[in-house]
Amino acid sequence: MQEYDVIIIGAGASGLMCAAQAARRGRRVVVLDHGNQAARKVRVSGGGRCNFTNAQLSSHHYLSHNPHFVKSALSRYSQWDFLSLIDEHKISWHEREHGQYFCDGSAIQVVDMLMEECRRFAAKVQLSTTIQTLKRNEDGSFWLQTSRGTYRCCSLVVATGGLSIPILGATPLGYRIAEQFGISIKPPAAGLVPLTLQPPDKQQLAPLSGIAVEATVQAGGASFRENVLFTHRGLSGPAILQISNYWQPGKAIIIDWLPAISLDAVIGEAKEQQPRQQVKTVLTHLLPNRVVTALLPAEILNVQLAQVSKKQSDWLVRQLHHWQVVPSGTEGYRTAEVTCGGVDCDEISSKTMESKTVPGLYFTGEVLDVTGWLGGYNLQWAWSSGWCTGQFV
Ligand code: FDA
């Protein structure tokens, strides 16, 4: 039997941050992970450069059934605190659009930094360890049977992340542990994920695969202006990944393909200045030719501007500023960056991350019902919640 003050299940972003903090306070800490590498998602994050945080951090960038839950942790361990750690480890970084911070070099530098922090404070990280059974003893301590023997601890931290990308080690263990102790789960769903289209829409847009267009996409009360990428399965790109967190199955998304202009005004002006011009000529100055021909029928594209009726021009405006499509679904956990839903935050203390009903049991990171926007927000949540947990375990 191996005894520790703190056992953390999951050597990902949040678990490692928590481990270093708890060990820094003098707690005897072990992190157990079934994978053979730590922080596999961090290694591939941000296309290999890790978008580790965002300058514009606020609770507004997160979705949760309890929208206030994130506020305390984000303010106690902010993006600037994490940036100081990055600077302390001499990792060079740069800022991209929308306040996103990336490593200049490799995401692996961030993993090395987390492991170095664990070593510095003597938190043990034990990989390739399968959790088999977990029980709570009468004295409130926890007992774990694993593929590498039995363990006992006073504080158990569940940092197993979400369900996205199973080949990187994602499992539902964290949800199962919550259920075992009667803590409820908000239904998980793939987040920051490409959307798929119904067969007729897919066929209509298939020739556009690979083209990206800056557009405003709306669904579920949210709206994002960024690139939309046509794929052979449907729609992707940052605007679609962002809206996927808000989209509800069966509902439409609305796309403004010309967010920078008023098509009504452009048509009105062109009609006066070059009435013989075809509609298609005007539109192909505004959007790629292939997009125009895929979105609109030839009958209207070939009409001369002088012949365009008010009804036709209203239809064009609707079609390009309020294009609607009902996705058939998402690409699922195979390609999703995150998982929406998770352990119900109403049952967890926002200050300590401890269960309100099971003393000594903590949840941190993506396993909780907290989902950030694209742009470094999910890792910042992992750092902030992990840091806070580490102060109390
Ligand atoms: P994380 O998933 O990091 O760690 C969970 C750990 O638990 C893993 O090590 C796993 O092996 C372990 N585990 C799971 N089940 C277990 C079990 N049964 N037994 C033992 N161990 C178990 N975010 C961002 O802000 N910026 C970015 O650039 C990116 N980029 C990005 C790219 C890709 C491809 C993905 C999939 C995700 C991102 N993200 C991101 C999201 C970000 O990586 C994610 O939100 C955090 O890693 C979550 O941190 P956690 O520590 O909560 O879980």
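That block above? That's the structure.
Residues numbered from 1 in each chain as written. Predicted model: local features only at pLDDT ≥ 70, side-chain atom pairs only at ≥ 80, totals over all residues. Heavy atoms only, no water.

Q: Before we go on, may I ask you to explain the sheet that holds strand β16 (residues 253-256) in this structure?
A: Taken in spatial order, the seven strands line up as β17-β16-β13-β14-β15-β12-β18 in an open sheet, and their pairing is antiparallel. Of all strands in the sheet, those bounded by a partner on one side alone are β17 (323-325) and β18 (329-330). Across three bridges, the pairing between strand β13 (residues 212-219) and β16 is antiparallel. Paired with V217 across the bridge in β16 is I255. Each of β16 and β17 touches helix α13 (residues 310-321); the most contacted strand, β16, lies at about 110° to it. (Pairing = 2+ DSSP bridges. Helix = DSSP H or I, 4+ residues; strand = E, 2+ residues; numbered from the N terminus. Contact = heavy atoms within 4.5 Å. Axes fitted to C-alpha atoms, helices over the stretch in contact; angles between N-to-C directions.)

Q: Mind showing me how you'd approach the pattern of salt bridges here?
A: Working definition: two side chains of opposite charge can pair if their charged atoms are close together. The tally for this structure, following the rule as stated, stands at 13 salt bridges. Notably, a salt bridge pairs R27 with D5, separated by 3.9 Å at the nearest N-O pair. With R27 in the loop between α1 (13-24) and β2 (29-32) and D5 in strand β1 (residues 2-9), this pair connects stretches of sequence that are 22 residues apart. Put simply, D5 and R28 hold a salt bridge, and the shortest N to O gap is 3.0 Å. Of this pair, D5 sits in strand β1 while R28 is found in the loop between α1 and β2, placing the two residues 23 residues apart along the sequence. (Salt bridge = Lys/Arg side-chain N within 4 Å of Asp/Glu carboxyl O.)

Q: Even after reading the chapter, I still don't get the packing of aromatic side chains, so can you show me in this structure?
A: The relation between two aromatic rings is expressed through the spacing of the ring centres and the mutual angle of the planes. Scanning the model with the defined rule gives 15 aromatic pairs in all. Between the aromatic rings of W93 and Y101, the centroid separation amounts to 4.9 Å while the plane-to-plane angle is 20°, which identifies the pairing as stacked. Of the residues examined, W93 reaches a relative accessible area of 28% and is grouped as partly exposed. What makes Y101 buried here is its relative accessible area of 5%. Taken together, the ring pairs connect F52, W80, F82, W93, Y101 and W383 into an aromatic cluster. Note that R96 overlies the ring of F102, its terminal NZ or CZ placed 3.6 Å from the centroid. When the ring centre of W143 is taken as reference, the NZ or CZ atom of K135 above it lies at 4.8 Å. (Phe/Tyr/Trp six-rings, centres within 6.5 Å; stacked < 30°, edge-to-face > 60°. Buried < 20%, exposed > 50% of the residue type's maximum accessible area, 1.4 Å probe, protein only. Lys NZ or Arg CZ within 6 Å of the ring centre and 35° of its normal.)

Q: Looking at this model, I keep getting lost on helix α4 (residues 79-88). Mind explaining?
A: Every α-helical turn comprises 3.6 residues, leaving residues that sit three or four positions apart pointing alike. Among all positions of α4, only Q79, F82, L83, L85 and I86 are buried. Buried residues of α4, viewed axially, fall in a sector of 155°; they line one side. Taken together, the buried residues of α4 touch α1, β3 (51-54), β5 (93-96), β6 (100-103), α5 (108-120) and α14 (377-392). Trailing α4 by a residue or two, K90 shows a phi angle of about 55°, which is positive. (Arc of directions from axis to C-beta.)

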